Amino acid sequence: GSWSQARSSAALFELLVGQKPFETYTQADFASFKRKVAYLPARYDMGSDKSRAALLQRIADFEADDSLQKDKLQHLSARTRNRHISSLKGLYRWASKNGMALPAVKFNDLFIAVSKAKRARSLRPATPADDVGKLFALPVFTGCQPHSGGTGQKVLGARFTPGDAIVHDAFYWCPLLLHYTGARREELCKLRPRDIKIENGIAFIWIDFTETGRVKNDHSVRPVPLHSELIRLGFLDFAHECGQRGYDVLFPELRPTNAVQGYGDVYFKNVWSHLKARGEMTSDATVHGMRHRFSTDLKTKKVFSEFRRDVMGHAGTNINEERYSDAGPLEELRAVIEELASATDHLTPAPILLPPPAVRIAQPAKSRKSRAA
């Protein structure tokens, strides 16, 4: 969510500019950050001393070599750089509200102008329907070899080899939830057993700020009724079983391993990347694209944008919609969700088989070795 984004931007700022009391940073420090961030690769890792040192070395190389600076393809996009500046501006606002001493910074001088045409193009497309088909045809969903969870090579082999086992963990449930709820990845990956509720016979997920993570903003706090396919495939039984076993979250294997990560980050890195590769999905098949797919599919069903926004946790477009229309009652929201055509009729419900909670997906290979040693 936006909070973990702010934390990662702050950690990056301290790495590139150096650590000192917040109020002593200057406009020049922020300008230096803006310059250095441009030289980061599109994907980078802040997880270890070694990887952080490599980033600093890369920036030093760029700053020393004009020809590297000219190669714009190697630079982080203006949009991503602006996102870091926005995050820092958000932290500044938070510090100001909390009466902390502030540095003298003009943030508006730091943003990079991005043309409207470019902005529209860079909006992430919906994950193609063909890719959704490839995803739900994988053995993870149709039946794989038995395994005990995790992402070791042996387990990954079993997950993607046809068999009779259906293992109920993040590999199985998160893509189904993404498809049938249209929720953001962090909202789903951080869910706790008690966030699954039933009122007046309607089962729904309650999305809110919890100790396992934040949501994007106040509009994002909402109920999302469960599509009948999720219920048919056993999601309520799965959530109940997790509760019975005393799990604090539905997907303990996605627990972040450092302060900068969110559950959704671990999911993206350790689950989605494997599903995408093994399903030979196109580059447009993204986690966020699943949310666009949901919205697009509802739009084709002529579902009012107001209801789509209620379900997806978007703010209303005008003050009237915002203030005077109550969020459609659960009954109406469920009708909206049920408009979504099923993409999983071919799947058979299976008895709930949970990997042991000790299996951590987010275990870097290095620390596994050192524990064995």
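Scroll up a little and you will see the structure.
I will try to describe carefully the structure that is included in this document. (Residues numbered from 1 in each chain as written. Predicted model: local features only at pLDDT ≥ 70, side-chain atom pairs only at ≥ 80, totals over all residues. Heavy atoms only, no water.)

Brief notes about the packing of aromatic side chains
Okay, so step 1: Here the structure, examined in full by the defined rule, presents 15 aromatic pairs.
Okay, so step 2: An angle of 75° between the planes, with centres 6.5 Å apart, marks the rings of tyrosine 25 and phenylalanine 30 as edge-to-face. For the pair formed by tyrosine 25 and phenylalanine 30, the shared burial category is buried.
Okay, so step 3: For arginine 159, the ring lying beneath its charged end belongs to phenylalanine 171, and the centroid distance is 3.7 Å. (Phe/Tyr/Trp six-rings, centres within 6.5 Å; stacked < 30°, edge-to-face > 60°. Buried < 20%, exposed > 50% of the residue type's maximum accessible area, 1.4 Å probe, protein only. Lys NZ or Arg CZ within 6 Å of the ring centre and 35° of its normal.)

Let's talk about the nonpolar core
Generally speaking, nonpolar side chains in soluble globular proteins are found buried as a group.
Okay, so step 1: The biggest cluster of nonpolar side chains holds 59 residues, and the ones touching the most others in it are Phe141, Trp173, Leu176, Phe235, Leu254, Tyr267 and Leu275.
Okay, so step 2: Take this core: its biggest share by element is 9 residues, from helix H10 (residues 170-181).
Okay, so step 3: Excluding anything up to four places from it in sequence, tyrosine 267 contacts Ala170, Cys174, Pro175, Leu178, Cys189, Leu254, Trp272, Leu275 and Val287.
Okay, so step 4: Residues Leu12, Leu15, Tyr25 and Leu110 belong to the second largest nonpolar core, which totals 23 residues. (Core = buried A, V, L, I, M, F, W, Y, C linked by side-chain atoms within 4.5 Å. Helix = DSSP H or I, 4+ residues; strand = E, 2+ residues; numbered from the N terminus. Contact = heavy atoms within 4.5 Å.)

Side note on the pairing of strand S2 (residues 202-207)
Okay, so step 1: The buried fraction of S2 is high, at 5 of 6 residues.
Okay, so step 2: Two successive antiparallel strands, strand S1 (residues 196-199) and S2, enclose a turn made up of 2 residues, where asparagine 200 displays a positive phi of approximately 50°.
Okay, so step 3: Here S2 runs beside strand S3 (residues 222-225); their pairing, made up of 4 bridges, is antiparallel. Bridged to isoleucine 205 within S3 is valine 224. (Pairing = 2+ DSSP bridges.)

Observations concerning the environment of alanine 126
Okay, so step 1: On the secondary structure map, alanine 126 appears in the loop between helix H6 (116-122) and helix H7 (129-135).
Okay, so step 2: For the pair alanine 126 and glycine 289, spaced 163 residues apart in sequence, the C-alpha to C-alpha distance is 4.3 Å.

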